[in-house]
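These are the residues of each chain, in order.
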Amino acid sequence: MNRILIYTLFLVITFLFGSCADALDIKPEDRQSITNAFDDDAELMGFLISIQGEVQRLISNDTHQPMGTAADICDNIGFSNLRDLVPATVKSSLYSDWSEYYDVIYICNLILENIDQAQGNIPQDRIDFYTGQAHFFKGWMYFELGRIWGNAIITTGTNNFEAYGNSADYEVIAEAIKSMEAAHNLLGKYGELTDDDGNALLSKQYGNKGAAAGLLAHMYAWQGSMAELYNWPSITPSTSYTKSVEWCTSLISGDNSGEYALAPNISSMLDQNFNGYEPITRSMAMESILEAQRFYLPDNSGGYINPIMERYFTWPVDTNAGTADIESGRVAFKFEASTIQNMYKGTDERKDGYFFKVDSMAAAGHPFAFPYKVKEGVFRVTSQTTGRTSMTGLNCNSIYIRLAGIYLLRAECYAKLGNDAAAIQDLNVIRNRAKAAPYPAPDDQDLQYAIFKEREKELLMENGRYYDVLRNNYIDTELPEAFSLLSDQDIQDGALYLHIGQAAFTNNSLLKQNIYWNRVD
């Protein structure tokens, strides 16, 4: 971890923030001093670690996460304004800046353009490794840009210093797919990757075949769904859904993507996947495919990410808190106990796996359910005199893709393709593992909605619900009320994407603002 910290601090701070705070405005002379830094393994590893540091910082800061996460109450003014689509908040630089995504893409392009310098100095498999990592993170960033901002910029390389105009949203997603497929072809499986000293790379934030397959499954599912929502040209939704099914299957079967497995029950799943953040712990997390790696300083302070899950937690994970703390503004998102009781009915193990003694706490008069999906926090000493501590965060990484979600994504695509039998089979794999009633249960509605709600139950408090809603076009009913007031034209004009931060328009007359956010105040 010390080596990662040193590389990250040195390269990210001195290179990114010192010489190219905005990757789209990089000057030729900045590039000139680093193009000779790609001729050996250690230097290339340094650039890869700098990418890791950037991704740690940005991947959990997606503004759509608080917009779409499930909750009965949002007790945070900023998040409430986002959920209410208040223009002044949505347009603020805090929520609309895309520069860090382009910082990552810039470094990826640097690697791809200069990797030939390493020819003859390092083996071909190491060149393939770094090339694959560059394609992986480039593809991941374009996927985020395409989902978050829609009509974003596709850069042509580090030698082009002219202004860029917007590319269409479907072009951005196509660019993401192209890069990620290249990454999958080059990368090894999880557990096979090593750093420049031959040490195993156990963090699940690095690119590998499984992570690439998981992202491609999501990319194709998104492509097909948005082609239906926005009438994207030259894209046949059924073809995209079929591709998503294929990539999901490669993960579920283990063919050509790596070995992943569902835990036998909810207790084991939580213990294996939501218990520990250090890379050495992640090889036991057989269900986790892609993560944002958690980072704490030696005194347990700091940390680059603040995942949406932490916005739900207080007592009993925070041992300094009390039961009344959940009623304060310190907890941004809250569920009423009755909501959780109705969500996880009968013998569903997720009720008491994800929350602390829901029924007995409710019977004792506590109106809210206490999240317990992660059982331990990370604490730092705030007073050497008294030994007082403060919880810095949760003892887990932010899981971006896990296998249970892949089963349900495949079920979603099967349902859209009209293969109900296959969709029901995947849906019931997850329900049976949780000891929930199999489909069709008495309170089930249509199959597609049942799959959507199962993803909500299984992945509750994790991430991505906003994008689940959009893929299934439940915008009027499954997002905060402000979204139901959007007209069809508002949606076509970009209301579901973000406003592009003002900094992106510096010295760029070709870039156009999102139509919807440009006309609302």
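Visitor: I keep staring at the overall build of the protein and nothing clicks. Help me out?
Guide: Across its full length, the protein holds 24 helices and 6 strands. Here the protein has a C-alpha radius of gyration of 23 Å; the compact-globule value for 521 residues is 24 Å, and the two agree. With respect to the principal axes defined by its C-alpha atoms, the protein has extents near 65 × 60 × 50 Å. When each of the 521 residues of the protein is scored for burial, the buried share is 60%. Distance from the positive charge centre (40 side chains) to the negative charge centre (67 side chains) of the protein: 4 Å.

Visitor: Explain the pattern of salt bridges here, please?
Guide: When the charged atoms of two side chains lie near each other, side chains of opposite charge can form a pair. What the rule picks out here adds up to 38 salt bridges. The residue Arg350 makes a salt bridge to Glu458 at a minimum N-O spacing of 3.0 Å. Separated by 108 residues along the polypeptide, Arg350 in helix α15 (residues 350-354) and Glu458 in helix α19 (residues 447-458) bring together distant segments of the chain. No difference in accessibility class separates Arg350 from Glu458, as the two residues are buried. Taking the shortest distance from any N to any O, the salt bridge between Lys453 and Glu456 comes out at 2.7 Å. Here the residue Lys453 and the residue Glu456 both occupy positions in helix α19, the gap between them amounting to 3 residues, near one helical turn. Via salt bridges that share partners, Glu287, Asp348, Arg350, Lys373, Arg402, Arg431, Arg433, Asp444, Glu454, Lys457, Glu458 and Glu462 belong to a single interconnected network.

Visitor: Hey, could you run me through the nonpolar core in this one?
Guide: One recurring pattern in soluble globular proteins: nonpolar side chains tend to sit buried together. Residues Trp98, Phe136, Trp140, Leu215, Phe355 and Leu496 are the most contacted members of the largest nonpolar core, which totals 159 residues. In terms of residues, this core owes the most to one element, helix α11 (residues 209-230), which gives 14 residues. The residues touching Leu215, leaving out its near neighbours within four places in the chain, are Phe136, Trp140, Phe143, Met180, Leu290, Tyr400 and Ile401. By size, the runner-up hydrophobic cluster in this structure holds 6 residues, among which are Ile326, Met361, Phe368 and Phe370.

Visitor: Sorry, what's going on with the side chain of Gln52 here?
Guide: Positionally, Gln52 belongs in helix α3 (residues 41-58). Look past the residues within four positions of Gln52 in its chain and what remains in contact with it is Phe137, Ser203, Gln205 and Tyr206.

Visitor: Sorry, what's going on with the packing of aromatic side chains here?
Guide: The description of an aromatic ring pair uses the distance of the two centres, along with the angle that the planes make with each other. Taken as a whole and assessed by the stated rule, the structure comprises 27 aromatic pairs. Between the aromatic rings of Trp315 and Phe356, the centroid separation amounts to 5.3 Å while the plane-to-plane angle is 80°, which identifies the pairing as edge-to-face. One end of the pair, Trp315, is in the loop between β2 (288-292) and β3 (333-334); the other, Phe356, is in the loop between α15 and α16 (358-363), with 41 residues separating them in the sequence. Taken together, a centroid distance of 6.0 Å and an interplanar angle of 80° make the contact between Tyr344 and Tyr354 edge-to-face. With Tyr344 in the loop between α14 (337-343) and α15 and Tyr354 in helix α15, the pair connects residues that are 10 residues apart, well separated along the chain. The pair Tyr344 / Tyr354 is uniform in exposure class, with both members buried. Note that Arg147 overlies the ring of Tyr467, its terminal NZ or CZ placed 3.9 Å from the centroid. Over the aromatic face of Tyr190 sits the side chain of Lys204, whose NZ or CZ is 4.8 Å from the ring centroid.

Visitor: Help me out: how do you make sense of unusual backbone geometry in this one?
Guide: Among all residues save glycine, negative phi is the norm, and among peptide bonds the norm is trans. For the bond running from Trp315 to Pro316, omega is 5°, close enough to zero to count as cis. Its location among the elements puts Pro316 in the loop between β2 and β3. One non-glycine residue, Ser234, lies in the positive phi region at around 60°. Within the fold, Ser234 resides in the loop between α11 and α12 (237-253). Given a relative accessible area of 81%, Ser234 falls into the exposed group.

Visitor: Would you mind showing me how to read α11 here?
Guide: An α-helical turn contains 3.6 residues, so any two residues separated by three or four positions project in the same direction. Between its terminal C-alpha atoms α11 stretches 31 Å, which fits the 32 Å expected from 22 residues at 1.5 Å a residue. Of all 22 residues making up α11, 21 are buried, and the element is well covered by its neighbours. Capping the start of α11, Asn208 holds a side-chain oxygen 3.0 Å from the backbone nitrogen of Gly210, two or three residues further along. Directly beyond the C-terminal end of α11, a positive phi value near 55° is found at Asn231.

Visitor: Explain the packing of helix α10 (residues 169-186) against α11 here, please?
Guide: To characterise two packed helices, one gives the angle between the axes of the helices and the distance between these axes. Between α10 and α11, whose axes approach to 9 Å, the crossing angle comes to 160°. As summarised for this structure, α10 and α11 are arranged roughly antiparallel, according to the angle between their axes. Seen from above, α10 lies across α11 with left-handed handedness. Contact residues: Asp169, Ile173, Ala176, Ile177, Met180, Glu181, His184 and Asn185 in α10; Lys209, Ala212, Ala213, Leu215, Leu216, Met219, Tyr220, Trp222, Gln223 and Tyr230 in α11. Taken together, the residues of the contact of α10 with α11 break down into 12 nonpolar, 3 polar and 3 charged.

Visitor: Is there a simple way to think about the environment of Ile280 in this case?
Guide: Within the fold, Ile280 resides in the loop between α13 (266-273) and β2. A sequence separation of 213 residues divides Ile280 from Met67, and the C-alpha atoms of the two residues are 33 Å apart.

Visitor: Explain the state of the cysteines here, please?
Guide: What makes a disulfide is a covalent bond joining the sulfur atoms belonging to two cysteines. Under the counting rule described, the total for this entry stands at 0 disulfides. In this structure Cys248 is not part of a disulfide, and its nearest cysteine sulfur, from Cys413, lies 6.1 Å away.

Visitor: What am I meant to see in the confidence of the model for the protein here?
Guide: Low pLDDT marks regions whose predicted coordinates should not be analysed in detail. Residue-level pLDDT values for the protein average 92, and 92% of them are 70 or greater. Confidence drops under a pLDDT of 50 for residues 1-32, and excluding neighbours within four residues, the segment shows 67 contacts in the predicted structure.

Visitor: Sorry if this is basic, but what is going on with the environment of Tyr439 here?
Guide: When you line up the elements, Tyr439 lands in the loop between α18 (420-434) and α19. For the pair Tyr439 and Ile424, spaced 15 residues apart in sequence, the C-alpha separation works out to 6.8 Å. In this structure Tyr439 touches Ile424, Leu427, Asn428, Arg431, Asp444, Gln445, Asp446, Leu447 and Ala450, once residues within four positions along its chain are discounted.

Visitor: What am I meant to see in helix α17 (residues 403-416) here?
Guide: Here α17 contains 14 residues, and its C-alpha end-to-end distance of 20 Å stays within 8% of the 20 Å for a straight helix at 1.5 Å per residue. The buried fraction of α17 amounts to 13 of the 14 residues, a majority that puts the element mostly inside the structure. Downstream of α17 by one or two residues, Gly418 has phi in the positive range, about 85°.

Conventions we followed
- Residues numbered from 1 in each chain as written.
- Predicted model: local features only at pLDDT ≥ 70, side-chain atom pairs only at ≥ 80, totals over all residues.
- Heavy atoms only, no water.
- Helix = DSSP H or I, 4+ residues; strand = E, 2+ residues; numbered from the N terminus.
- Rg over C-alpha atoms; globule rule 2.2 N^0.38 Å.
- Buried < 20%, exposed > 50% of the residue type's maximum accessible area, 1.4 Å probe, protein only.
- Lys, Arg positive; Asp, Glu negative; His and termini not counted.
- Charge placed at Lys NZ, Arg CZ, Asp CG, Glu CD.
- Salt bridge = Lys/Arg side-chain N within 4 Å of Asp/Glu carboxyl O.
- Core = buried A, V, L, I, M, F, W, Y, C linked by side-chain atoms within 4.5 Å.
- Contact = heavy atoms within 4.5 Å.
- Phe/Tyr/Trp six-rings, centres within 6.5 Å; stacked < 30°, edge-to-face > 60°.
- Lys NZ or Arg CZ within 6 Å of the ring centre and 35° of its normal.
- Expected span 1.5 Å × (residues − 1).
- Polar contact = N/O pair within 3.5 Å; in protein donor to acceptor, adjacent residues only side chain to side chain.
- Axes fitted to C-alpha atoms, helices over the stretch in contact; angles between N-to-C directions.
- Parallel < 35°, antiparallel > 145°, perpendicular 65-115°, else oblique.
- Left-handed = near helix turned anticlockwise from the far one by under 90°.
- Nonpolar A, V, L, I, M, F, W, Y, C, P; charged D, E, K, R; others polar.
- Disulfide = S-S within 2.5 Å.
- pLDDT = per-residue confidence, 0-100.

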